[in-house]
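Summary of the model geometry
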Amino acid sequence: QLQLVESGGDLVQSGGSLRLSCVASDINLDHYAIAWFRQAPGKEREGVACLGTKVDSMKYADSVKGRFTISRESAKNTVYLQMNNLDLDDTAVYYCGAGPSPLCTVEREVDFLYTYWGQGTQVTVSS
């Protein structure tokens, strides 16, 4: 059964760090563009980071550049989102998506690129 399962969300103080994981079943993530999107209460879903299948195909939202890092560990068929220096605006449900594209996007208008989605994991940043 095709499935993406996110984990790692937690309650963390501002300035702290978390690492989110997205484990794929029956999908070889090496052949998919992958992305992390998030949705905060009362706000629209927004792209955070993505990684394509081509070299150097990596993008970040301006709000997380320099703080977040997306990576893929092929041996575990897992995608990670390392989040450092978290602040209150990072509070959201984080979703992992995957799509059969060599390129990736963090633009919401093109999020149909991702044909598989996980159920999300909650990240809450406290002051």
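Below, the structure is looked at part by part. (Residues numbered from 1 in each chain as written. Predicted model: local features only at pLDDT ≥ 70, side-chain atom pairs only at ≥ 80, totals over all residues. Heavy atoms only, no water.)

With respect to the pairing of strand β3 (residues 18-25)
Filter applied, for reference: A pair of strands is labelled paired if DSSP reports no fewer than 2 bridges between them. What counts as a helix is a DSSP run of H or I of at least four residues, what counts as a strand is a run of E of at least two, and both are numbered from the N terminus.
Note that strand β1 (residues 3-7) and β3 share five bridges and pair antiparallel. Bridge pairing in β3 places Q3 opposite S25. Here six bridges tie β3 to strand β8 (residues 78-83), and the two strands are oriented antiparallel to one another. Bridge assignment links L20 to a residue of β8, and that residue is L81.

So, the environment of F37
Within the secondary structure layout, F37 lies in strand β4 (residues 33-39). For the pair formed by F37 and V12, sequence separation is 25 residues and the distance between their alpha carbons is 19 Å.

Concerning the side chain of R38
Test applied: Relative accessibility thresholds used throughout: buried, under 20% of the residue-type maximum; exposed, over 50%; partly exposed, between the two (1.4 Å probe, protein chains only). Identification of polar contacts relies on pairs of N or O atoms within 3.5 Å, with a donor-acceptor requirement for protein atoms, meaning one able to donate a hydrogen and the other able to accept it, and with residues adjacent in sequence counted only if both atoms are side-chain atoms.
One can find R38 in strand β4. We classify R38 as buried; its relative accessible area is 4%. A distance of 2.8 Å separates a polar atom in the side chain of R38 from a polar atom in the side chain of E46. Of the polar contacts made by the side chain of R38, one reaches the side chain of D90; its length is 2.9 Å.

So, the sheet that holds β1
The strands that make up a sheet pair up through hydrogen bonds in the backbone, lying either parallel or antiparallel. The line we're drawing: Axes here mean lines fitted to C-alpha atoms, for a helix over just the part in contact, with angles spanning 0 to 180 degrees between N-to-C directions.
One open sheet holds the four strands; their spatial order is β1-β3-β8-β7, and the pairing between them is antiparallel. Of all strands in the sheet, those with a lone pairing partner are β1 and β7 (68-73), marking the two edges. Across this sheet, the average inter-strand angle for adjacent strands is 15°, counted without regard to direction.

Looking at unusual backbone geometry
We note that D26 has phi near 60°; this positive angle belongs to a residue other than glycine. Looking at the secondary structure, you find D26 in the loop between β3 and β4. The backbone of N85 sits at a positive phi, close to 50°, despite the residue not being glycine. The residue N85 is located in the loop between β8 and β9 (92-99) in this model.

That's the geometry; what it means functionally is another story.
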